[in-house]
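# Summary of the model geometry
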Amino acid sequence: MHPGLLAWECVVFALFVCASSCFPLWQRKRDAAAGGDAKRAYIFAGGGVSTLSMILSVSRGTLGVRSFLGFPSELVYFGSAMWETLYGMVLAFPLVCWIFIPVYYRLSTNSVYEYLQMRFGSRWVRRLAAATFLLRQTLNLAITVYTPSVALHAVLALPHWASAAALTIVAIVFNLLGGLAAAIRADVIQTLTMVLVSGAFIIQATVQAGGPAQVISDNVEGRRLEFLKFTWDPTVRVDTLSALVGQMFMSVSIYGCQQTFVQRYCSMSSEKRVKRTLLANVPAVLILFSLSWVVGMALYAVYKYCDPYMSGKIVAKDEVLPFYVQDQFTFLPGMLGLFLGSIFNGALSFLVSNMNSLSTVTWEDFVSEAPAFKGISNKQQLTVIKIIGIIYALTIMSLSLCVGLVGGVIEGSLLVTSATSGALLGVFLLAAIFPVANGKGALCGMIGSHFITSWMAIGRILYVNDKKSMLPLSVQKCPNSTLSVLAHKPLLVSQNTTIAQIVNVLDKHVYNKGKDQSPIFAALMRMYSVSYMWYAVIGTVTCIILGVTIGLLTASESDAFDEKLLHPLVAKITRKMPGKKRTFTNIIKEKVVEVQEVEKIEETTLEVKSVLSSNGSRLFDAYDNNLQSRTRL
């Protein structure tokens, strides 16, 4: 590319990032006023976000910027199998509406994991669930930070560390100045930009390929569109059954048990509005999710006989979309800069909104219990939360340096999500719909679930050759004019040499170990070969079975909990079941009495009563083991 044109693209890139980052912060003072105080505005957006904005934000958080870059390359090189995960994703929304929303909207907690302590009376269950969320989101955000570096590397040969550092710095500034409302507005801007840019890609590529009919024909002939393939083999990377069932478990865990989304639900004004927003996300996700795959179909039709990866013009499969923009949009100055800005800003808004949730959970479930932080004001709490967010940003940037070793942004994201989803979904299902479960069972269920999925994941990494075979590609019709677009030779993404040496040693170990084909080793290899799409299912079932069994064996009167912590339908069924009636307690009344007896302060009593009477759906404001020393929202 000519230096002058490249400079212009950089200007467009910088302007778009600055504008889309500054505009969401424009109303931050109004956000604080709407929330009543700065901390509530930071965590819950002050309740002042429109339903449409929330729909776009949830949809955007569901897909992330990884889909924008990763799904097109997935279709070009591996086909449409991952596209079918849409089935499970769509089914998850009504399940979350029916199972979790009736329970969550009664809460008035800053962290959804506090519900587990209320239900099981165990801080360890709460902390283990919170730690699972923190681990999953930290690793997923490392992949998110890595994503824009792929595009910037492909076009500008910018080192991975440089783009990751720039993204982290901007995210820290945004995190210090804005809150959840600003992050939601940034999500809306990013979603609309991605739709417009993707539409431009589809139109241009379709015209160049010869029309929609030709695009579909090329993809069918090239085996890129193969749906409803039931192999009944759990070792297959993904087929229709694993896409439906496995993704459904993962998605229910994400939408129903993840602070990032529950935090958004609780910021809405009513339970009815939450359900309406979630169900409205079904068509939104259908369109946004499929859009990237249609881009992939158009790309394949353009490069069917001249693949840039096979010809050596890109060094990673995820670079095919940036290469296409640079190759085919030279007639439209600024398009490349807008594309790069969209990728960068998409990762930025996703990182900022998740940093908000990570820092909130860390504060509420871990740091706030430290003696040094007892009794501090809301303003001081907010300062600590923002400092925690900065620490997370730096940690995520460091982890992103290793993402290039995983094998693609989609592969890495699914592996992390599936391996951690089972325990999280299992313990929330135990809490909401299994009255026999107690704290001991929930804790053992989570530990057992983590053990089995971690064992399978580590065994898969160490012992299974997980390299995917690409579908047929060709370079037989590559003209020199098309393949000379990149003015520089692409630089390999930096890899840690120590890690690379360890991988080589492990490969040799696996090769030598594979010679010992004992029955036990063969059985283990079969288990390790199970696709990561099934990890969430295995983890959830393991957690529920262990939790229910141990709950039945260790049941005692001390396991009593407030009946309203169960799903309303489950509570109704439980009351009508024959046999010995389960003992329930009333946490609300006990906690109010406890506060009255210990404090003996009339103002505190009036405050608790006003909270309980102001909104009938928020029943548990009074629940707090440390109500005397902590400030509740």
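Residues numbered from 1 in each chain as written. Predicted model: local features only at pLDDT ≥ 70, side-chain atom pairs only at ≥ 80, totals over all residues. Heavy atoms only, no water.

## Overview of the packing of aromatic side chains
One pass over the structure, following the stated rule, counts 29 aromatic pairs. Between F13 and F344 the ring centres are 5.6 Å apart and the planes differ by 80°, which places this aromatic pair in the edge-to-face class. Here F13 is found in helix α1 (residues 3-22), whereas its partner F344 is found in helix α16 (residues 335-365), with 331 residues between them in sequence. Judged on exposure class, the residue F13 and its partner F344 are both buried. Seen from their ring centres, Y77 and Y309 are 5.7 Å apart, and the 70° between their planes marks the pair as edge-to-face. Of the two residues, Y77 is situated in helix α4 (residues 51-78) and Y309 in the loop between α14 (271-302) and α15 (320-328); the sequence distance between them amounts to 232 residues. For Y309, a relative accessible area of 25% corresponds to the partly exposed category. Looking at R119, its charged tip hangs above the ring of F561, at a distance of 3.8 Å from the centre. Directly above the aromatic system of F78 lies the positively charged group of R237, at a separation of 5.7 Å from the ring centroid. (Phe/Tyr/Trp six-rings, centres within 6.5 Å; stacked < 30°, edge-to-face > 60°. Helix = DSSP H or I, 4+ residues; strand = E, 2+ residues; numbered from the N terminus. Buried < 20%, exposed > 50% of the residue type's maximum accessible area, 1.4 Å probe, protein only. Lys NZ or Arg CZ within 6 Å of the ring centre and 35° of its normal.)

## A look at the side chain of R224
Structurally, R224 is set in the loop between α11 (212-221) and α12 (240-257). Of the side chains with opposite charge, D307 comes closest to the buried, unpaired R224, at an N-O distance of 6.7 Å. Polar side-chain contacts of R224 include one of 2.6 Å to the backbone oxygen of V76. With sequence-adjacent residues up to four places away left out, R224 is seen in contact with L75, V76, Y77, G79, S80, N219, Y300, L471, P472 and L473. (Lys, Arg positive; Asp, Glu negative; His and termini not counted. Salt bridge = Lys/Arg side-chain N within 4 Å of Asp/Glu carboxyl O. Polar contact = N/O pair within 3.5 Å; in protein donor to acceptor, adjacent residues only side chain to side chain. Contact = heavy atoms within 4.5 Å.)

## Brief notes about a nonpolar patch on the surface
Together, Y87, F227, L228, F230 and W232 make up an exposed nonpolar region whose accessible area comes to about 560 Å². Position of F227 among the secondary structure elements: in the loop between α11 and α12. (Patch = residues over 30% accessible without salt bridge, like charges linked within 9 Å, V, L, I, M, F, W, Y side chains within 5 Å. Areas by Shrake-Rupley, 256 points an atom, 1.4 Å probe, with all protein chains shown as cover.)

## Some details on the environment of A457
Within the secondary structure layout, A457 lies in helix α19 (residues 439-463). Using a relative accessible area of 12% as the deciding quantity, one classes A457 as buried. Between the C-alpha atom of A457 and that of Y528, which follows or precedes it by 71 residues, the distance is 7.1 Å.

## Quick word on the pattern of salt bridges
Within the structure shown, the criterion is met by 11 salt bridges. Between D365 and R126 there is a salt bridge, and its shortest N-O distance comes to 2.5 Å. Taken together, the positions of D365 in helix α16 and R126 in helix α8 (residues 123-156) put the pair 239 residues apart, joining distant regions of the chain. Taking relative accessible area as the criterion, R126 reaches 4% and is therefore assigned buried.

## Some words on the packing of α14 against α15
Each packed pair of helices is defined by two parameters, the angle between the axes and the distance between the axes. Taken N-terminus to C-terminus, the directions of α14 and α15 make an angle of 60°; their axes are 11 Å apart at the nearest point. Looking at the two axes, α14 sits oblique to α15. For the pair α14 and α15, the sense of crossing is left-handed. Contacts between α14 and α15 involve V295, L299 and V302 from the former and V320, L321, Y324 and Q328 from the latter. Counted by class, the contact of α14 with α15 contains 6 nonpolar, 1 polar and no charged residues. (Axes fitted to C-alpha atoms, helices over the stretch in contact; angles between N-to-C directions. Parallel < 35°, antiparallel > 145°, perpendicular 65-115°, else oblique. Left-handed = near helix turned anticlockwise from the far one by under 90°. Nonpolar A, V, L, I, M, F, W, Y, C, P; charged D, E, K, R; others polar.)

## Examining the packing of helix α9 (residues 160-177) against α16
Contact geometry for α9 and α16: axes closest at 9 Å, N-to-C directions at 50°. Considering the angle they form, α9 stands oblique to α16. Both α9 and α16 take part in a crossing whose hand is right-handed. Contacts between α9 and α16 pair S163, A166, L167, V170, A171, F174 and N175 from the former with F344, A347, L348, L351, V352 and M355 from the latter. Here the residues of the contact of α9 with α16 are counted per class, giving 11 nonpolar, 2 polar and no charged.

## Quick word on the nonpolar core
The biggest cluster of nonpolar side chains holds 148 residues, and the ones touching the most others in it are F100, Y113, Y115, L116, F201, F339 and F428. Sorting elements by how many residues they give to this core places α16 first, with 15 residues. Apart from the residues within four sequence positions on either side, F428 is in contact with F100, Y104, V112, Y113, Y115, L116 and C257. Counting 5 residues, the second-largest nonpolar core is a separate cluster that includes Y463, V464, F521 and M525. (Core = buried A, V, L, I, M, F, W, Y, C linked by side-chain atoms within 4.5 Å.)

## Section: the confidence of the model for the protein
Looking at the protein as a whole, its pLDDT mean stands at 77, while 74% of the residues score no less than 70. The element-level mean pLDDT for the protein is lowest in helix α26 (residues 602-614), coming to 35, with helix α23 (residues 535-553) highest at 95. Contacts for the low-pLDDT stretch residues 481-503, under 50 throughout, to residues beyond four places or in other chains number 35 contacts. Counting contacts from residues 588-633, a segment whose pLDDT is below 50, to residues more than four positions away or on other chains yields 75 contacts. (pLDDT = per-residue confidence, 0-100.)

## Points about helix α5 (residues 85-99)
Here α5 contains 15 residues, and its C-alpha end-to-end distance of 21 Å stays within 8% of the 21 Å for a straight helix at 1.5 Å per residue. What α5 keeps buried is the set T85, L86, G88, M89, V90, A92, F93, V96, C97 and I99. (Expected span 1.5 Å × (residues − 1).)

## Structural notes on the environment of L6
Tracing the backbone through its elements, the reader meets L6 in helix α1. Spatially, the C-alpha atoms of L6 and V155 are 9.4 Å apart, while their sequence positions differ by 149 residues.

## Brief notes about the state of the cysteines
Under the definition given, this model contains 1 disulfide. C306 shares a disulfide with C478; S-S distance 2.3 Å. The S-S bond linking C306 to C478 shows a torsion near 120°; that makes this disulfide right-handed. A residue pair is termed long-range when its members are at least 10 positions apart, and C306 in the loop between α14 and α15 and C478 in the loop between α19 and α20 (480-483) qualify at 172 residues. Across the pair, C478 and C306 agree in class, each one buried. (Disulfide = S-S within 2.5 Å.)

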